[in-house]
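Analysis of the macromolecular model
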Amino acid sequence: MRRVKAIDSHTEGEPTRVIISGGPDLGSGSIRDRREIFARDHDDFRRMSIEEPRGSDVLVGAMLVEAHEADCVAGVIFFNNAGVLGMCGHGTIGVVRTLAHLGRIKTGTHRLDTPVGIVQFTLRADDVVEVANVPSRRTHAGIAVQVAGLGVVVGDVAWGGNWFFIAPSPLKIPLQLDRAAELTAHAWSVRRALATAGITGDDGGEIDHIEFTEPARRADCAWRNFVLCPGGAYDRSPCGTGTSAKIACLVADGKIALGERVGAESFIGTRFEGWHSIDSAGAIRPTIAGRAWITAEIELLIDASDPCAAGIPKQ
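**Let's talk about the overall build of the protein chain**
Scanning the protein chain for helices and strands turns up 5 helices and 17 strands. Over its C-alpha trace the protein chain gives a radius of gyration of 19 Å, about what one expects of a compact globule, namely 20 Å for 315 residues. Taking the principal axes of its C-alpha atoms as reference, the protein chain extends roughly 55 × 45 × 35 Å. Counting only residues that meet the buried cut, the protein chain has 54% of its 315 residues in that class. Counting contacts in the protein chain only where the partners sit at least 6 residues apart, residues at least 24 apart contribute 63% of the total. In the form shown here, the protein chain has an accessible surface area of approximately 13100 Å², with 49% of it arising from carbon and sulfur atoms. Computed over 33 positive and 39 negative side-chain charges, the separation of the two mean positions in the protein chain equals 2 Å.

Written as structure tokens, this is what we have:
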């Protein structure tokens, strides 16, 4: 019987499962290299730890590993039901709360080693976590794509740690729970249309996150969003990398000032706060602030005789 220990949390509604022991040996290379080893050689572990029957499509995994950079408190590899991720904003906040829960960090500023680079975060005394994300940018503005059933959809292509296509809600469908099925179907249609049209991020990077927006309903937010993630589940939080990508678009349009704090409202009404600085290379560096709550300390049991030991096979 193999045993894997994990801590579950949710960040403004979006769940994270942090693997704290029992994961595969990935060597001692860079976190980027270890991510590739994990993706190539240990997909059964990814599926086992977050997919059915032990998880669900909405669950995001984060495996703690030893940091490659000496000044980092930990290294982390993020993954979901579609595969490995480069970065995950809500997941980073969940990881920070987990590290605090384990007594590995206290309030203050720390650094986390991720596949897309070093991410600095601050755990505040009020339990809010501020994550200084990777450099973000808008690469294409006002891209028009013909989408079956929707007509022409116009949006921006932006990077916030993942590639996003950000557009107003199609057909003006309200971003609310009772329209989730329609929004999901339309987001899939947009993603397929982008691929068919050959529209990508830099260096052919696949646009695997679709973000629809509308005016916020909360007074403390600037917009409300619906984000479809690569595996087909929608984000319950305002999406950290999506908020970063949106901030990059707003900066490019001259709609927010340096350091100006704006609220991002999720599909379920929860909130992130974001602002940006400009680094020495002139890049936009968003910071995202939000909260996470620990929901469970668990031990996953893997029996070799279990036909679903590596998760339920997908068609």
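We are not done yet, so read on.
**Let's talk about empty space enclosed by the protein**
Under the definition given, this model contains 2 cavities of 30 Å³ or more. As a volume, the largest cavity reaches approximately 150 Å³. Along the wall of the largest cavity there are 22 residues; nearest its centre are V60, C88, H209, C229 and D235. Looking at the lining of the largest cavity, the elements with two or more residues in it are α3 (89-101) and α5 (240-252). In the lining of the largest cavity, the residues fall into 11 nonpolar, 8 polar and 3 charged. Lining the second largest cavity are G89, I93, V131, N133, G240, T241, S244 and I288.

**Looking at the packing of aromatic side chains**
Following the criterion strictly, the structure yields 7 aromatic pairs and no others. For the ring pair F38 and F79, a centre distance of 5.2 Å and an interplane angle of 40 degrees mean the geometry is tilted. Of this pair, F38 sits in helix α1 (residues 31-41) while F79 sits in strand β4 (residues 74-80), placing them 41 residues apart in sequence. Taking the centre distance of 5.6 Å and the plane angle of 35 degrees together, the rings of F226 and Y234 count as tilted. According to the relative accessible area criterion, Y234 is buried, its value standing at 15%. Through successive ring pairs, a cluster of aromatic residues spans F212, F226, Y234 and F267. In this arrangement the basic side chain of K246 is found over the ring face of W223, its NZ or CZ atom lying 5.8 Å from the centre.

**A look at the nonpolar core**
Ranked by internal contacts, the top residues of the largest apolar core, which has 56 residues, are V95, F165 and F226. Examining the composition of this core, we find that 6 residues originate from one element, helix α4 (residues 180-197), more than from any other. Residues within four places of V95 in sequence aside, it is in contact with V18, A62, L64, V76, F78 and L112. Of all hydrophobic cores here, the second largest spans 17 residues; its members include A6, I50, V65 and I77.

**Comments concerning the state of the cysteines**
Under the definition given, this model contains 0 disulfides. Not part of a disulfide, C229 finds its nearest cysteine sulfur in C239, a span of 5.9 Å. Here C229 falls in the buried class, since its relative accessible area comes to 14%.

**Examining α3**
Between its terminal C-alpha atoms α3 stretches 19 Å, which fits the 18 Å expected from 13 residues at 1.5 Å a residue. By the criterion of burial, α3 is predominantly enclosed, with 11 of the 13 residues buried. The complete set of buried residues in α3 reads G89, H90, G91, T92, I93, G94, V95, V96, R97, T98 and L99.

The rules behind each value
- Residues numbered from 1 in each chain as written.
- Predicted model: local features only at pLDDT ≥ 70, side-chain atom pairs only at ≥ 80, totals over all residues.
- Heavy atoms only, no water.
- Helix = DSSP H or I, 4+ residues; strand = E, 2+ residues; numbered from the N terminus.
- Rg over C-alpha atoms; globule rule 2.2 N^0.38 Å.
- Buried < 20%, exposed > 50% of the residue type's maximum accessible area, 1.4 Å probe, protein only.
- Contact = heavy atoms within 4.5 Å.
- Areas by Shrake-Rupley, 256 points an atom, 1.4 Å probe, with all protein chains shown as cover.
- Lys, Arg positive; Asp, Glu negative; His and termini not counted.
- Charge placed at Lys NZ, Arg CZ, Asp CG, Glu CD.
- 1 Å grid on protein atoms, 1.4 Å probe; cavity = no way out; pocket = protein on both sides within 12 Å on 5 of 7 lines; lining within 4 Å.
- Points joined across faces, edges and corners; volume = space filled by probe spheres on them.
- Nonpolar A, V, L, I, M, F, W, Y, C, P; charged D, E, K, R; others polar.
- Phe/Tyr/Trp six-rings, centres within 6.5 Å; stacked < 30°, edge-to-face > 60°.
- Lys NZ or Arg CZ within 6 Å of the ring centre and 35° of its normal.
- Core = buried A, V, L, I, M, F, W, Y, C linked by side-chain atoms within 4.5 Å.
- Disulfide = S-S within 2.5 Å.
- Expected span 1.5 Å × (residues − 1).

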